[in-house]
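Close look at the chain arrangement
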Amino acid sequence: MGADEDGTAPHAVVVLLPGSGLPRSTRRPSAFAAAALRPFARRLVRAAQQGEPDSSLVVHTLHYRYRGWNGQAAHPAHDAEWAVAEVVRRYGDVPVCLAGFDVGARAALRAAGHPTVESVLAVSPWLPETEDGPPGGTKEPGVRTAPCGTGAESPVGEAGPAGQGAAERPGNVAADGAGAEPDGPPLGPRTTDRAACESEPVRQLIGRHVLMVHGSDDEHTAPELSYRLAERAKKSNANVCRFEVHTDGHRLRHHQAEVAALAENFVLGTLCGREFARPLVDALAAPPPLGLRMPLATGFGRSLRR
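This section reports on the structure supplied with the text. (Residues numbered from 1 in each chain as written. Predicted model: local features only at pLDDT ≥ 70, side-chain atom pairs only at ≥ 80, totals over all residues. Heavy atoms only, no water.)

Brief notes about the overall build of the protein chain
In terms of regular secondary structure, the protein chain is built from eight helices and nine strands. Every one of the 306 residues in the protein chain was classed for burial, and the buried ones make up 57%. Counting contacts in the protein chain only where the partners sit at least 6 residues apart, residues at least 24 apart contribute 80% of the total. Of the roughly 12,700 Å² that the protein chain leaves accessible, carbon and sulfur atoms contribute 51%. (Helix = DSSP H or I, 4+ residues; strand = E, 2+ residues; numbered from the N terminus. Buried < 20%, exposed > 50% of the residue type's maximum accessible area, 1.4 Å probe, protein only. Contact = heavy atoms within 4.5 Å. Areas by Shrake-Rupley, 256 points an atom, 1.4 Å probe, with all protein chains shown as cover.)

This is the structure:
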């Protein structure tokens with residue numbers, strides 16, 4: 001979404017990484033989670049075109065090979081790494097933002113090591129207690145990047161009309177359930193294991209702007225885990241901040257507008273040279289724990305609307 005018809009390279013690219021729903025599964029992922037991100041993609045493209053300076057922004061959504069994270073295989077993270085390489089192949093060395101939700105947030109954080117990645121947005125990151133055993137399937141990559149379609153709810157927008165013009169990487173994607181391993185249990189319940197959180201790498205985040213957003217009442221993955229991860233990352237990277245959405249859950253249903261406004265401001269600030277809103281400036285400048293437990297105020301973003 002947002003590509004120029006004359007083939008001119010964009011100023012920047014956003015790769016949206018949806019949640020996939022299971023800790024272990026080699027079944028084909030549902031299209032609904034990816035489809036739900038289409039309104040946010042539209043919002044980013046419109047905002048980039050309307051503001052100052054005027055920027056050409058392209059937004060793609062990553063379609064994973066598998067429904068699950070699959071333990072040490074970390075398939076969504078490897079798919080995200082492929083997506084960044086594909087962006088470079090298509091558009092050249094343009095700055096990239098990896099914006100992930102749930103499992104996609106963890107994948108975005110893991111895949112941030114590519115030199116073109118300028119920023120990472122991680123909303124309600126799924127950080128489990130332990131990895132569940134050996135790696136998952138070994139199918140060759142069949143990842144697709146495409147404009148967002150229609151479907152399920154996401155923390156930054158409701159579903160919109162289906163998109164067109166999907167671009168697919170060579171490789172087969174198995175039909176849903178065909179030759180697949182049995183699905184694992186749904187992601188959760190929330191966990192607070194310190195050792196598991198400390199096993200997550202953070203060195204790849206050095207030199208990137210990183211924003212994490214987490215609901216204080218997340219029933220899916222404990223917000224304390226994302227705080228600990230942000231705390232570790234902040235030690236080697238000053239450009240890390242984290243916002244807490246008080247009394248909201250995993251999908252951030254009650255503060256969807258505020259989360260979308262914060263995400264937009266962060267993405268355009270890191271990719272398009274826009275000014276950060278004052279709360280973002282304060283969060284990035286403040287030392288822990290203040291800058292990593294910054295409350296997201298009700299009504300945030302109203303003064304930013306044009």
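Regarding the pattern of salt bridges
Tallying each qualifying case throughout the model produces eleven salt bridges. Linking Arg 293 and Glu 224 is a salt bridge whose minimum nitrogen-to-oxygen distance equals 3.1 Å. Remark: Glu 224 occurs in helix 6 (residues 223-234) and Arg 293 occurs in the loop between helix 8 (278-285) and strand 9 (294-295); sequence separation between them is 69 residues. Look at Arg 293 and you get partly exposed, because its relative accessible area is 29%. Residue Glu 244 pairs with Arg 293 through a salt bridge whose shortest N-O separation is 3.0 Å. Pair noted here: Glu 244 is in strand 8 (residues 240-245) and Arg 293 is in the loop between helix 8 and strand 9, with a separation of 49 residues, a long-range link. Among the charged side chains, a network of salt bridges with common partners joins Glu 224, Arg 228, Arg 242, Glu 244 and Arg 293. (Salt bridge = Lys/Arg side-chain N within 4 Å of Asp/Glu carboxyl O.)

Things to note about the nonpolar core
The biggest cluster of nonpolar side chains holds 42 residues, and the ones touching the most others in it are Val 15, Leu 17, Leu 62, Leu 98, Leu 109 and Val 120. Secondary structure elements with two or more residues in this core: strand 1 (12-17), strand 2 (57-63), helix 3 (75-91), strand 3 (96-101), helix 4 (103-110), strand 4 (117-123), strand 7 (209-215) and helix 6. Sort the elements by how many residues they give to this core and helix 3 lands first, with seven residues. In contact with Leu 17, not counting residues within four places along its chain, are Leu 37, Leu 62, Tyr 64, Ala 80, Ala 99, Gly 100, Phe 101, Gly 104, Ala 107 and Ala 108. Counting 41 residues, the second-largest nonpolar core is a separate cluster that includes Cys 97, Leu 121, Val 156 and Met 294. (Core = buried A, V, L, I, M, F, W, Y, C linked by side-chain atoms within 4.5 Å.)

Points about the packing of helix 2 (residues 38-50) against helix 7 (residues 256-271)
In contact at an axis separation of 10 Å, helix 2 and helix 7 are set at 50° when each is read in the N-to-C sense. Overall, the two elements helix 2 and helix 7 adopt an arrangement that is oblique. Of the two possible hands of crossing, helix 2 and helix 7 adopt the one that is right-handed. In this structure, helix 2 uses Phe 40, Arg 43, Leu 44, Ala 47 and Ala 48 to contact helix 7, whose residues at the interface are Ala 260, Ala 261, Ala 263, Glu 264, Val 267 and Leu 268. Among the residues forming the contact of helix 2 with helix 7, the class breakdown is nine nonpolar, no polar and two charged. (Axes fitted to C-alpha atoms, helices over the stretch in contact; angles between N-to-C directions. Parallel < 35°, antiparallel > 145°, perpendicular 65-115°, else oblique. Left-handed = near helix turned anticlockwise from the far one by under 90°. Nonpolar A, V, L, I, M, F, W, Y, C, P; charged D, E, K, R; others polar.)

Let's talk about unusual backbone geometry
Following Pro 288, the chain continues into Pro 289 via a peptide bond in cis, with omega recorded as 5°. Residue position: Pro 289 is located in the loop between helix 8 and strand 9. If you check the backbone angles, Ala 74 has positive phi at about 45° while not being a glycine. Topologically, Ala 74 is positioned in the loop between strand 2 and helix 3.

As for the pairing of strand 8
By the criterion of burial, strand 8 is predominantly enclosed, with six of the six residues buried. Alternating residues of strand 8 divide into Val 240, Arg 242 and Glu 244 and Cys 241, Phe 243 and Val 245, and every residue in both groups is buried. Of the pairings in the sheet, the one linking strand 7 to strand 8 comprises six bridges and is parallel in character. Paired with His 214 across the strands is Glu 244, a residue of strand 8. The β-α-β motif built from strand 7, the intervening helix 6 and the parallel element strand 8 has right-handed crossover chirality. Judged from the two bridges that link them, strand 8 and strand 9 form a sheet pairing that is parallel. Bridge pairing in strand 9 links Phe 243 to Met 294. (Pairing = 2+ DSSP bridges. Right-handed = clockwise from strand over helix to strand, strands pointing away.)

Here we look at the environment of Arg 242
Residue placement: Arg 242 occurs in strand 8. Note: C-alpha distance between Arg 242 and Leu 121 (121 residues apart in sequence) is 9.9 Å. Among residues more than four places away in sequence, those in contact with Arg 242 are Met 212, His 214, Pro 223, Ser 226, Tyr 227, Ala 230, Gly 291, Leu 292, Arg 293 and Met 294. Among the polar contacts listed, one links the side chain of Arg 242 to the side chain of Ser 226, at a separation of 2.9 Å. (Polar contact = N/O pair within 3.5 Å; in protein donor to acceptor, adjacent residues only side chain to side chain.)

Digging into helix 4
For helix 4, the tally of buried residues reaches seven of eight residues, placing the bulk of the element in the interior. Those residues of helix 4 that sit buried are Val 103, Gly 104, Ala 105, Arg 106, Ala 107, Ala 108 and Leu 109. Buried residues in helix 4 make contact with strand 1, helix 3, strand 3, strand 4, strand 7 and helix 6.

Things to note about the packing of helix 3 against helix 4
Taken N-terminus to C-terminus, the directions of helix 3 and helix 4 make an angle of 55°; their axes are 8 Å apart at the nearest point. Accordingly, the angle class assigned to the pair helix 3 and helix 4 is oblique. Judged by the sense of rotation from one axis to the other, the crossing of helix 3 with helix 4 is right-handed. Within the contact between the two elements, helix 3 uses Pro 76, Ala 77, Ala 80 and Glu 81 and helix 4 uses Val 103, Ala 107 and Arg 110.

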